[in-house]
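Structure at a glance
Below are the chains, spelled out letter by letter.
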Amino acid sequence: VENEIYANRTLNPGDPYVKSLIQMDKDRIVSILQNNGYFRAFTADSLSTIVEKYDKVIQDKNLAYKNKVNVIIRFRGTDTRYTFGKTTINIRGSRLDLGKDIIERELEYKEGDIYDRSKILESENNLSRLYIIQIGNISVDSIYEAEKKVHLKADITLGKKYELTPGIAAVYLTNKLY
């Protein structure tokens, strides 16, 4: 995890101070942590980011510290790694007799795997590709702290068998004359 955090960082020593880059890096690191089992990883904005300018005495002694700031970002919830627990599947509009095994097949994670938020998003994407499913949403159902497991629920809404869903398409054509 540490190598992944340092590999693609947006903040580097000596870079100019840009507040938006600090926020982007915080979000990137929280995402990496949550994709590696740290379900409760977060930064508390008022307490987590400290930007301090070096003392004038230090700046006068060493010019390398002149016009530089020290950025400290503190993360919380990084003490415990979680795994996926059971996924409860609720199918609405089940007149089509869709089996839960089809839904389970589209899930990118298995019970016992390290919690990875990106796997949940990939699973939702897989569900949306099935033409019979109108809405497929996966969310946290419960958390068992003793077992360090995150139990999920998949709420599936089926579309009608012979109903077409209207959509809007936009096409941009350039007028090129040769």
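Residues numbered from 1 in each chain as written. Predicted model: local features only at pLDDT ≥ 70, side-chain atom pairs only at ≥ 80, totals over all residues. Heavy atoms only, no water.

For the protein, the helix and strand inventory stands at six helices and five strands. Sorting the 178 residues of the protein into buried and exposed places 29% on the buried side. Contacts in the protein between residues at least 24 apart in sequence constitute 60% of all its contacts with a sequence separation of at least 6. Approximately 12600 Å² of the protein is accessible, and the part contributed by carbon and sulfur atoms is 51%. (Helix = DSSP H or I, 4+ residues; strand = E, 2+ residues; numbered from the N terminus. Buried < 20%, exposed > 50% of the residue type's maximum accessible area, 1.4 Å probe, protein only. Contact = heavy atoms within 4.5 Å. Areas by Shrake-Rupley, 256 points an atom, 1.4 Å probe, with all protein chains shown as cover.)

This model, assessed by the stated rule, comprises four salt bridges. Residues Glu-106 and Arg-105 are paired through a salt bridge, measuring 3.3 Å at the closest nitrogen-oxygen approach. When its relative accessible area of 56% is taken as the criterion, Arg-105 is described as exposed. (Salt bridge = Lys/Arg side-chain N within 4 Å of Asp/Glu carboxyl O.)

In this section: the sheet that holds strand S4 (residues 133-144). Read from one edge to the other, the open sheet built from three strands follows the order S3-S5-S4, with strand pairing classed as mixed. Either end of the sheet is taken by a strand with one partner, and the two such strands are strand S3 (83-92) and S4. Sheet twist, expressed as the mean angle between neighbouring strand axes with direction ignored, is 20 degrees. Pairing geometry for S3 and strand S5 (residues 149-158), over eight bridges, is parallel. Considered in S5, the bridge of Asn-90 is made with Asp-155. Its contacts with the sheet place helix H6 (residues 117-129) against S3, S4 and S5, and it is angled at close to 155 degrees to S4. (Pairing = 2+ DSSP bridges. Axes fitted to C-alpha atoms, helices over the stretch in contact; angles between N-to-C directions.)

A few words now on the side chain of Asp-155. If you trace the backbone, Asp-155 turns up in strand S5. Residue classification places Asp-155 among the buried positions, given a relative accessible area of 15%. Residues in contact with Asp-155, not counting those within four places in the same chain, are Asn-90, Arg-92, Ile-135, Gly-136 and Asn-137.

This part is about the packing of aromatic side chains. Enumeration according to the criterion identifies four aromatic pairs in this entry. Ring geometry for Phe-39 versus Tyr-115: centroids 5.0 Å apart, planes at 85 degrees, classification edge-to-face. One end of the pair, Phe-39, is in the loop between helix H2 (19-34) and helix H3 (45-48); the other, Tyr-115, is in the loop between helix H5 (100-106) and H6, with 76 residues separating them in the sequence. Accessibility expressed as a relative area gives 16% for Phe-39, which makes it buried. Ring centres of Phe-84 and Tyr-115 lie 5.3 Å apart, and the angle between their planes is 45 degrees; on these two criteria the pair is classed as tilted. (Phe/Tyr/Trp six-rings, centres within 6.5 Å; stacked < 30°, edge-to-face > 60°.)

Before going further, it helps to examine the side chain of Ser-123. Relative to the elements of secondary structure, Ser-123 occurs in helix H6. When neighbours within four sequence positions are excluded, Ser-123 is seen to be in contact with Glu-106, Leu-107, Glu-108, Tyr-109 and Ile-138.

What follows concerns the layout of surface pockets. Put simply, the largest pocket is a space of about 740 Å³. Considering the residues around the largest pocket, the lining is formed by 27 residues, among which Leu-11, Asn-12, Pro-13, Asn-70 and Val-71 are closest to the centre. Mapped onto the lining of the largest pocket, the elements with two or more residues apiece are helix H1 (2-7), H2 and strand S2 (69-73). No other element matches S2, which puts five residues into the lining of the largest pocket. For the lining of the largest pocket, the per-class residue count stands at 17 nonpolar, four polar and six charged. (1 Å grid on protein atoms, 1.4 Å probe; cavity = no way out; pocket = protein on both sides within 12 Å on 5 of 7 lines; lining within 4 Å. Points joined across faces, edges and corners; volume = space filled by probe spheres on them. Nonpolar A, V, L, I, M, F, W, Y, C, P; charged D, E, K, R; others polar.)

Let us look at H2. An α-helix turns once per 3.6 residues; consequently, residues spaced three or four apart project the same way. In this model, H2 (16 residues) spans 23 Å end to end at C-alpha, consistent with the 22 Å of a helix rising 1.5 Å per residue. Every buried residue of H2 is listed here: Ile-22, Asp-25, Lys-26, Arg-28, Ile-29, Val-30, Ile-32, Leu-33 and Gln-34. (Expected span 1.5 Å × (residues − 1).)

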